[in-house]
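# Tertiary structure, described
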Amino acid sequence: YWLNIKISFLSFWMKSENVMQPLELSIDEILLRQFTLLDTDAIFYLIDSNREHLSQNGDDTAVKYLTRDSVLESIANPRNPSKIRMGIWVKSNFAGSVNLHPDEKGKIAEIGCYLGAQFQGKGYATRAIIRLARYGFEILGLEQIFAKVNKNNDSSNAVVRKLGFILSDEYNKEFYFWIKEKQ
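Each value, and the rule that gives it
- Residues numbered from 1 in each chain as written.
- Predicted model: local features only at pLDDT ≥ 70, side-chain atom pairs only at ≥ 80, totals over all residues.
- Heavy atoms only, no water.
- Axes fitted to C-alpha atoms, helices over the stretch in contact; angles between N-to-C directions.
- Helix = DSSP H or I, 4+ residues; strand = E, 2+ residues; numbered from the N terminus.
- Parallel < 35°, antiparallel > 145°, perpendicular 65-115°, else oblique.
- Left-handed = near helix turned anticlockwise from the far one by under 90°.
- Contact = heavy atoms within 4.5 Å.
- Core = buried A, V, L, I, M, F, W, Y, C linked by side-chain atoms within 4.5 Å.
- Buried < 20%, exposed > 50% of the residue type's maximum accessible area, 1.4 Å probe, protein only.
- Pairing = 2+ DSSP bridges.
- Right-handed = clockwise from strand over helix to strand, strands pointing away.
- Arc of directions from axis to C-beta.
- Salt bridge = Lys/Arg side-chain N within 4 Å of Asp/Glu carboxyl O.

### Quick look at the packing of helix α2 (residues 40-48) against helix α5 (residues 68-76)
It is at 9 Å that the axes of α2 and α5 come closest, and there the two elements cross at 130°. Classified by the angle their axes make, α2 and α5 are oblique. Where α2 crosses over α5, the handedness of that crossing is right-handed. Judged by residue contacts, Thr40, Asp41, Ile43 and Phe44 of α2 engage Arg68, Val71, Leu72 and Ile75 from α5.

### Digging into the nonpolar core
With 48 residues, the main nonpolar core has Leu32, Val98, Ile111, Leu132, Ile145 and Phe165 as its most contacted residues. If you tally residues by element for this core, the top one is helix α6 (residues 124-138), at 8 residues. Leaving out residues up to four positions away in the same chain, Ile111 has contacts with Val98, Asn99, Leu100, Ile129, Leu132, Ala133, Ile145, Phe146, Ala147 and Phe165.

### A few points about the sheet that holds strand β5 (residues 108-115)
Strand order in the open sheet formed by 8 strands is β1-β2-β3-β4-β5-β6-β8-β7, with mixed pairing between adjacent strands. Two strands lie at the open edges of the sheet, namely β1 (24-27) and β7 (166-171), each paired on one side alone. Averaged over neighbouring strand pairs, the angle between their axes works out to 25° when direction is ignored. Sheet topology note: the β1/strand β2 (residues 30-34) ladder contains 4 bridges and is antiparallel. By the bridge assignment for β2, Ile27 is matched with Ile30. Against the sheet, helix α7 (residues 154-162) contacts β6 (144-150), β7 and β8 (174-180), and its axis sits at roughly 155° relative to β6.

### Digging into the pairing of β6
In terms of burial, β6 is a largely internal element, 5 of the 7 residues being buried. One ladder, built from 3 bridges, connects β5 with β6; its direction is parallel. Counted as the bridge partner of Ala109 is Ile145 from β6. Handedness of the β-α-β unit built from β5, α6 and β6 comes out right-handed.

### A few points about the environment of Phe119
Note that Phe119 resides in the loop between β5 and α6. For Phe119, a relative accessible area of 13% puts it in the buried group. Sequence separation of Phe119 and Phe94 is 25 residues, and the distance between their C-alpha atoms is 9.4 Å. Among all residues touching Phe119, those that are not within four sequence positions of it are Leu46, Asn93, Phe94, Ala95 and Tyr124.

### Let's talk about α7
Turning to α7, its buried residues are Asn157, Val159 and Val160. Considered in projection along α7, the buried side chains sweep an arc of 160° and stay on one side of the axis. Residues of α7 that are exposed and point over 90 degrees away from its buried face: Asp154 and Lys162. Check the buried side of α7 and you find it contacts α6, β6 and β8. At the exit of α7 stands Gly164, carrying a positive phi of roughly 95°.

### A word on the pattern of salt bridges
One pass over the full model with this rule turns up 7 salt bridges. Note that Lys151 and Glu170 form a salt bridge whose closest N and O atoms lie 2.6 Å from each other. Of the two residues, Lys151 is situated in the loop between β6 and α7 and Glu170 in strand β7; the sequence distance between them amounts to 19 residues. Residue Glu170 is classed as partly exposed on the basis of its relative accessible area, which comes to 46%. Three or more residues joined by partner-sharing salt bridges are found here, namely Asp28, Glu29 and Arg127.

What follows is the structure, given as structure tokens:
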């Protein structure tokens, strides 16, 4: 009950002029929107209904967010405040997340993405990565973006290769791909 009041107040407060609105980027029918507390239920529902799918290639999303409160806490008090965490929204449905984590110097960043099983194979991850990478290069001034991809994750490996990321290293169970701004 108290959480609902808190979220209702937050919804009202976020609409005021004094509060910075979440970053929004779009590409085709996809909206990328920086996480807000109001997204908690949608994020948790997708993770909770896709635990097996999200865990199959070593992604720790399903393990990190076992409860709705853990999702809420990660948005309210992010472990890495410099990480840009965006929801991937398709026709007002939460499809997954794409994240950009710049290094301390702001020149290199890691990009990562997950989708619910029902949203795979439709080009959403590809377009979300394109749009967030473009933001990183054009607005943040990044020089390089890398992706760590589990060797067994054929879908993610195909996405980064299709986008022009170059395989540069292999460590344990992961491939490391890089892309520079000028390709």
